[in-house]
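Analysis of the macromolecular model
Read off the chains here:
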Amino acid sequence: NYTPHTINIYSQEQVEYVPEIRKYVVKEGEEPIVVIPSDGMLSAKIKYEKITEIDGIPIHEPVVENCDEPPEGEDVIVSQLYVAAMRALGMDTSKLYTVSQPVYNSKDNPRPVGCLGLNRTK
């Protein structure tokens, strides 16, 4: 896990989908089935170049300058931003995973607390 936070994975049975907020919420008293601590963080250096304005609002284009190299031969969990940066540089993303289907703590004041699994990138 090369994100800055622990990843908590819950099973489908431990959550309920709340249509009015369009989110999965952990049922009371449930604990994650898997906890994956952070092993550090892989970063991408991105600069934002102003390309125009629309009605006075600056419009930027992100330009990826470089990315940290993932550990060779390992499957790793990273952020969506890191995956996008790797793709922009034409780098291999076949061993990168991101969180899938975020899970929240409550429907009244939802904060992310985990996910239902991982997404494979290609």
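This one's a predicted model, so the numbers in the text were calculated from it and none came from an experiment. What you see as residue numbers is a count from 1 along each chain, following the sequence as written. Only residues with pLDDT of at least 70 are given local features in this predicted model, and only at 80 or more are side-chain atom pairs given and counted; all residues enter the totals for whole chains, interfaces and linings. With hydrogens and water set aside, each side-chain value is computed from the structure's full complement of heavy atoms.

1. Let's talk about the overall build of the protein
Going by this rule: To qualify as a helix, a DSSP run of H or I must reach at least 4 residues; to qualify as a strand, a run of E must reach at least 2; elements of each kind are numbered from the N terminus. As defined in this context, the radius of gyration uses C-alpha atoms, and a globule is described by 2.2 Å times the residue total to the power 0.38.
A tally of regular secondary structure across the protein gives one helix and nine strands. Listing each helix as α and each strand as β along the protein from the N terminus yields β-β-β-β-β-β-β-α-β-β. For 122 residues, the compact-globule formula gives about 14 Å, and the C-alpha radius of gyration of the protein, at 17 Å, lies well above that figure. For the protein, the spread of C-alpha atoms along the principal axes amounts to about 50 × 45 × 20 Å.

2. Some thoughts on unusual backbone geometry
Basically, it comes down to this: Buried, partly exposed and exposed residues are distinguished by accessible area as a fraction of the type maximum, computed with a 1.4 Å probe on protein chains only: under 20%, between the cut-offs, and over 50%, respectively.
We note that R22 has phi near 55°; this positive angle belongs to a residue other than glycine. Here R22 shows up in the loop between strand 2 (15–18) and strand 3 (23–26). We classify R22 as exposed; its relative accessible area is 69%. Although it is not a glycine, D55 adopts a positive phi angle of roughly 50°. Judged by its relative accessible area of 77%, D55 falls in the exposed class.

3. A look at the environment of V63
For clarity, the threshold we go by: Only heavy atoms enter the contact rule, under which two residues are in contact if any of them lie within 4.5 Å.
Mapping V63 onto the fold places it in strand 6 (residues 57–67). Of the residues examined, V63 reaches a relative accessible area of 24% and is grouped as partly exposed. For V63 and L89, which are 26 residues apart along the polypeptide, the C-alpha to C-alpha distance reads 9.7 Å. The residues contacting V63, other than those within four sequence positions of it, are K45, I46, K47 and E49.

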